[in-house]
Amino acid sequence: MHDVLIIGAGAAGLSAARWCDELGLDTLLLEANDEVGGQLAWIHNRVDNYLGVHAENGQQLRELFTKETAACDFDLWTGVQIESVDLKAKRISLQSGEKLQSIAVVIATGLRRRKLGIPGEAEFAGRGIIESGKRDRDELIGKDVCVIGGGDAAAENALLLADDCPTVTLVHRGRKLHARREFTEQLHTHHCITVFPESNVRRILGNDRVEAVEIERAAAIKPFQMAVQGVVIRIGFEPNTDFVREQLNLDDRGYVIVDSRQETSVENVFAIGDVSNPLAPTIAGAVGAGATAAKVIAARLTR
Ligand SMILES: Cc1cc2nc3c(=O)[nH]c(=O)nc-3n(C[C@H](O)[C@H](O)[C@H](O)COP(=O)(O)OP(=O)(O)OC[C@H]3O[C@@H](n4cnc5c(N)ncnc54)[C@H](O)[C@@H]3O)c2cc1C
């Protein structure tokens, strides 16, 4: 029996656990991955917008966070797979067979990258489909690349790769890109970059590695194949809420709806960070929401 079970050890979950510890609550933090930090591992640029901290990248910020939380007394279990949750009863069953019980539950499960769900996507992950244009740039030098998506992340990846790749084709569904103007202007003038609007990649093809993509264009009569050796998929994010879908009020995109205490539609169940923040997901927001939930829980349990 714990006072608080926190699910997810990104910025939000780590902050909540740290605050719960400071407030004297018996806390167990559960993380599905082998490492904590969540999306911080995906930030390959400098982080200068978290007040008081300047980090080379998310990994360095993650190290600062874990250095601090290592000095705390809460329990942390990594590599944990949840079998089922009963939020009203505050009971969590793990795939390992363990059953956990608490007074309050905090959901801090963040976001995952949205997938296309097309043939070849899973098969060629890490074999031509790369995680990040910045991190894996060397792998694609001199290769033809297809970037899928129409937002900032897709545009940024296309521009980054265009310095080293003979051709970069940006394929997106909409009529117009929704990336910031500074990116779209550069995209349309860069001699290596071609933009295909109103287009979809239907299949990723190859033998051992990516060799081509099949593209369907509103402007073309039938789908065609284009030879590429690299693919970057940047079509947005979705919240990790499948496991609580039947038990909590979610918005139409699957984000948890919370009140100003970070409390969900079930009493003593809280949601913090990106999983409940579709409008302005930030590290600062996640850390702040963790503090809010912890303080509300502590005030209730010590009443
Ligand atoms: C490329 C990129 C750049 C960014 N740059 C900035 C920036 O400069 N400044 C800024 O403020 N923000 C930035 N952000 C946003 C920022 O990283 C996030 O807002 C913040 O890290 C969210 O933290 P979180 O804890 O809410 O969620 P996450 O970081 O998504 O963490 C959720 C955690 O929950 C775990 N989890 C999920 N499901 C389960 C489950 N069922 N059981 C157990 N564990 C589970 C996940 O493994 C993960 O560790 C950036 C994001 C990206 C992707």
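The coordinates are above.
Residues numbered from 1 in each chain as written. Predicted model: local features only at pLDDT ≥ 70, side-chain atom pairs only at ≥ 80, totals over all residues. Heavy atoms only, no water.

A. Fine view of a nonpolar patch on the surface. Taken together, the side chains of M1, I103 and L301 make up a nonpolar region of the molecular surface, amounting to roughly 270 Å² of accessible area. Within the secondary structure, I103 is located in strand β8 (residues 99–107). Judged by relative accessible area, I103 falls into the partly exposed class, the value being 32%. (Patch = residues over 30% accessible without salt bridge, like charges linked within 9 Å, V, L, I, M, F, W, Y side chains within 5 Å. Areas by Shrake-Rupley, 256 points an atom, 1.4 Å probe, with all protein chains shown as cover. Salt bridge = Lys/Arg side-chain N within 4 Å of Asp/Glu carboxyl O. Helix = DSSP H or I, 4+ residues; strand = E, 2+ residues; numbered from the N terminus. Buried < 20%, exposed > 50% of the residue type's maximum accessible area, 1.4 Å probe, protein only.)

B. The nonpolar core, seen in detail. Counting 35 residues, the largest nonpolar core has I6, Y50, L61, F65, I272 and I283 as the members making the most contacts within it. Those elements that place two or more of their residues in this core are β1 (2–7), α1 (11–22), β3 (47–50), β4 (53–55), α2 (58–70), β8 and α5 (283–301). With nine residues, the top contributor of residues to this core is α5. With near-sequence residues (within four places) excluded, I283 lies in contact with A11, L40, I43, V47, Y50, L61 and F65. Grouped together as the second largest cluster of nonpolar side chains are 21 residues, C165, L177, V195 and V232 included. (Core = buried A, V, L, I, M, F, W, Y, C linked by side-chain atoms within 4.5 Å. Contact = heavy atoms within 4.5 Å.)

C. Geometry of the sheet that holds strand β11 (residues 145–148). In spatial order, the strands read β10-β17-β11-β12-β13; together these five strands make up an open sheet with parallel pairing. Strands at the two margins of the open sheet, each flanked by one partner only, are β10 (129–130) and β13 (193–196). In this structure, strand β12 (residues 168–171) lies alongside β13, joined through four bridges in parallel fashion. Bridged to V168 within β13 is I193. Relative to β11, helix α3 (residues 152–162) is tilted by about 165 degrees, and along the sheet it contacts β11, β12, β13 and β17 (230–233). (Pairing = 2+ DSSP bridges. Axes fitted to C-alpha atoms, helices over the stretch in contact; angles between N-to-C directions.)

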